[in-house]
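Understanding the architecture of this molecule
Each chain, written out:
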Amino acid sequence: MTNTDNQKSNLPGGWVLARLEEVSTIIQGQSPPSSTFNKNKIGLPFFQGKAEFTELHPKIKIWSKVSKKIAEPNDILLSVRAPVGSTNIVNVRCSIGRGLAAIRYTPNYKFLFYYLRFIEKELDKKGSGTTFKAISGEVIRNISLPIPPINEQNRIVSKLDELISELDKGKEQLRTALNQLKVYKQAIQKYAFEGKLNTNIVKWKTIKLGELLDFVGSGATPKGGKKVYVKNGVTFIRSQNVYPNEFRLDNVAYITEEIDEKLKRSRVKENDVLLNITGASIGRCTFVPKNFPKANVNQHVCILRPNKKKLNHKYLSFYLNSFQAQSDIMNAQSGATRQGRNYTQIKNISIPLCNLKEQELIVEKLEIIQDSMRLTRNLIDEQLVKSKSLLHSLFEKAFDGKLVEQDSKDEPVDILLKRLKEEKKEFSRIQRIKKKGNLVHSKTLKMAEELKSILDLLKQSGEPISAKKLWETSIHKNDIDSFYAELKKYIEKGEIEEISRKNKESYLTIINKE
């Protein structure tokens, strides 16, 4: 039995299973030339893919003077290229690129939106491709959609809206708690390095970090890069493994003993402090604990080896992760086009210092607070994961017909399908008319799509154009006042003139100055 057969056999009474193309209009994106893109709000907003997605509506970053494929408000945008399956709802008429498909479902667009969110992982699994995953138009057209009567769809959407709103409030409270934890952490670290956690500390001094280190250095990427990594061997620490006062080794790489020998200068030792010195994660810092496996680092991770008689390694790690130190690191980056710090800049970092015994007392208090905060953060993260699981359960109930009551008085779904079939016929008819119109009036429509200035349009035409037509095909088509302001400017300059009226309509033309 196929998945479709299973879905059909499990459908609630009064529901039908239809292919997406049977009940919706699917518009696959097509990118216009990049030369038409702009940030001056000329043309329609242009969306290329998931990069513009937010939680609900896409964020406008660029506009396009030319639109090849257009989505309308309440269309569902589906990401068809990696990552596959993500969705947003269109809230403005827009142009869409090849990374997206727009799906127009008129009965209740949010019913389809919620269903596509429910099957997002399934859609991702259907993606294929060697360079990046993508789903074809055929896959989209053949998505199986369980369809209840329209009134039941409305009840389902209304209930989901209500329950998801409550879930979102809970998630927002959890995120607020996480942000408060970060603020609290910054405050605690500030107090610690101002001597306020331990009032017995009397003598503080500020010293350059270089005076407190026995070694500063970083490693290198082995010749051959990722190709020389092995499944087991010497741990090879990269910037993605270094986090504030902890390692994350889920995706750690390994190198052979032979490569480690060639890079022996950058082997790490117990109590070394590791600092990310390039890239987006610059400034993240941790220390090497006892019994850590044999390890080496690449060029993005700097080894700071404290002088044991002057500086406690945990004290240094805590300080470098503090708000003050992070600000110093970010404000002193090197490189015009990338984030980075060199050894000299690292050695010149100023660090507040007390004696070793007092450093140990500060570390002890900070570790207690840190452990408590990690526990709280983990509990919050668990609740966020549970809320995601709960959302999936709500979707499952909704599309199994178990979220709201059924009503025998609802209009049968067959009538809805007949109406949708007629809508699709009408849409196809209009598209054929538009296509025919494009062939007959291609020059005029091209002028309209490219949205040029008044002067450019008149030059391109080579003959007088009515004021109304000129306005509607110019960059000012949505602003009549700016159209007349530009027209007045060109008339005063003697570049455009108004000629005799035809049927009482004003015509404009270029003044030939030859």
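Our structure's up above, just so we're on the same page.
In this text the structure is predicted, and so the values were computed from the model without any measurement. In this numbering scheme, every chain counts its residues from 1 along its sequence in written order. Residues qualify for local features only when their pLDDT is at least 70, as the model is predicted, and side-chain atom pairs are given and counted only at 80 or more; totals for whole chains, interfaces and linings, by contrast, use all residues. Calculation of side-chain values draws on the structure's entire complement of heavy atoms; hydrogens and water are dropped beforehand.

**Description of the overall build of the protein chain**
- The helix count covers DSSP runs of H or I at least four residues long, the strand count covers runs of E at least two residues long, and both are numbered beginning at the N terminus. Tallying secondary structure elements over the protein chain gives 16 helices and 25 strands in all.
- Our radius of gyration is a C-alpha quantity, and the globule rule it is checked against amounts to 2.2 Å times the number of residues to the power 0.38. By the compact-globule yardstick of 24 Å for 514 residues, the protein chain is too spread out, its C-alpha radius of gyration being 32 Å.
- In terms of principal-axis extent, the alpha carbons of the protein chain reach across some 95 × 75 × 50 Å.
- Throughout this description, buried means an accessible area under 20% of the type-specific maximum (1.4 Å probe, protein chains only), exposed means over 50%, and partly exposed covers the range between. Going through the 514 residues of the protein chain one by one, you find that 43% of them count as buried.
- In this analysis, two residues are considered to be in contact whenever any of their non-hydrogen atoms come within 4.5 Å of each other. Of all intrachain contacts in the protein chain linking residues separated by at least 6 positions in sequence, the fraction that spans at least 24 positions is 72%.
- Here the protein chain has roughly 29100 Å² of accessible surface; of this, 50% comes from carbon and sulfur atoms.
- Across the protein chain, the 88 positively charged side chains and the 60 negatively charged ones have centroids separated by 5 Å. Where accessible areas are quoted, they stem from the Shrake-Rupley method and a 1.4 Å probe; at the residue level, only the protein chains shown are allowed to cover. Asp and Glu count as negative and Lys and Arg as positive, but His and the ends of the chain are not part of the count. Charge placement uses NZ in Lys and CZ in Arg. For Asp and Glu, CG and CD serve respectively.

**Focus on the sheet that holds strand β20 (residues 295-297)**
- Spatially, three strands are ordered β17-β14-β20 in an open sheet, and the strand pairing comes out mixed. Both edges of this open sheet fall to β17 (253-255) and β20, since each of them pairs with a single strand only. Each strand of the sheet is rotated relative to its neighbour by a mean of 40°, with strand direction disregarded.
- Two strands pair when backbone bridges link them, and strand β14 (residues 234-237) and β20 are joined in this way by three bridges, in the parallel orientation. Bridging from a neighbouring strand, T235 pairs with A295 of β20. DSSP calls a pair of strands paired once it identifies at least 2 bridges connecting them. Comment: axis = line fitted to C-alpha atoms, over the contacting stretch for helices; angle = value between 0 and 180 degrees taken between N-to-C directions.

**Concerning the pattern of salt bridges**
- The term salt bridge refers to a side-chain nitrogen of Lys or Arg lying within 4 Å of a carboxyl oxygen of Asp or Glu. Going through the model one piece at a time under the given rule, you end up with 24 salt bridges.
- The partner of R117 in a salt bridge is E55, and the shortest N-O contact between them spans 3.7 Å. On the criterion of sequence distance, the pair formed by R117 in helix α3 (residues 109-118) and E55 in the loop between β4 (44-47) and β5 (62-64) is long-range, its members being 62 residues apart.
- Among the charged side chains, a network of salt bridges with common partners joins E257, D260, E261, K264, R267 and K294.

**With respect to the nonpolar core**
- The criterion is simple. A nonpolar core is a set of buried Ala, Val, Leu, Ile, Met, Phe, Trp, Tyr and Cys residues joined through side-chain atoms within 4.5 Å. Core analysis: the biggest nonpolar cluster contains 42 residues, and I140, L145, I147 and L160 have the highest contact counts within it.
- Looking at this core element by element, the count peaks at seven residues for α3.
- Filtering out sequence-adjacent residues up to four positions away, I147 remains in contact with G14, W15, V16, A18, V23, Y105, Q153, V413, L416 and L417.
- Among the nonpolar cores identified, the runner-up in size contains 40 residues, and L178, I277, F287 and Y319 belong to it.

**With respect to the sheet that holds strand β10 (residues 100-104)**
- Read across the open sheet, the four strands follow the order β2-β10-β7-β8; overall the sheet is antiparallel. Edge positions in the sheet fall to β2 (25-28) and β8 (87-89), since each of these pairs with one other strand and no more. Direction aside, the axes of adjacent strands within the sheet are offset by 25° on average.
- Along the sheet, α3 makes contact with β7 (76-79), β8 and β10, crossing β8 at roughly 165°.

**Here we look at helix α11 (residues 356-399)**
- One less than the residue count of a helix, multiplied by 1.5 Å, gives the span that helix is expected to have. In a regular helix each residue adds 1.5 Å, so 44 residues correspond to 64 Å; α11 covers 63 Å between its end C-alpha atoms and thus fits that length.
- Of the residues that open α11, the one with a side-chain oxygen 3.2 Å from the backbone nitrogen of K357 is N355.
- Immediately beyond the C-terminal end of α11, within one or two residues, lies G401, with a positive phi of roughly 75°. Within 3.5 Å is the distance limit for a polar contact, defined as a pair of N or O atoms, with the added protein rule that one can donate a hydrogen and the other accept it, and that residues adjacent in sequence qualify only through two side-chain atoms.

**Concerning the packing of helix α6 (residues 150-192) against α11**
- Between α6 and α11, the least distance of the axes is 11 Å, while the angle of their chain directions is 170°. The angle between α6 and α11 places the two elements in the roughly antiparallel class.
- Think of it as three bins: nonpolar holds Ala, Val, Leu, Ile, Met, Phe, Trp, Tyr, Cys and Pro, charged holds Asp, Glu, Lys and Arg, and polar takes everything else, Gly as well. Broken down by class, the residue content of the contact of α6 with α11 amounts to 23 nonpolar, three polar and four charged. The labels follow the angle: roughly parallel below 35 degrees, roughly antiparallel above 145, roughly perpendicular from 65 to 115, and oblique for the rest.

**Description of the pairing of strand β11 (residues 144-147)**
- Side-chain alternation along β11 places S144 and P146 on one buried face and L145 and I147 on a second face that is also buried.
- Bridge count for strand β1 (residues 16-19) against β11 is four bridges, and the pairing is antiparallel. In the sheet register, R19 faces β11, and the bridge partner there is S144.

**Thoughts on unusual backbone geometry**
- A cis amide bond links A82 to the next residue, P83, at an omega of -5°.
- Along the polypeptide, P83 turns up in the loop between β7 and β8.
- Although it is not a glycine, K41 sits at a positive phi angle of roughly 65°.
- Within the element layout of this structure, K41 appears in the loop between β3 (37-38) and β4.

**Side note on helix α14 (residues 454-461)**
- All buried positions along α14 are accounted for by I454, L455, L457, L458 and S461. For α14, the angular spread of buried residues about the axis comes to 165°, placing them on one side. The arc refers to the directions leading from the helix axis to the C-beta atoms.

**Let's talk about the state of the cysteines**
- Two cysteine sulfurs form what is called a disulfide whenever their separation falls within 2.5 Å. Across all of its chains, the model carries zero disulfides by this definition.
- The thiol of C354 is not disulfide-bonded; the next cysteine sulfur, from C285, is found 17 Å away.

**Describing the side chain of N307**
- With respect to the element layout, N307 can be found in the loop between β21 (301-306) and α8 (313-320).
- Taking relative accessible area as the criterion, N307 reaches 18% and is therefore assigned buried.
- Excluding anything up to four places from it in sequence, N307 contacts L212, L213 and D214.

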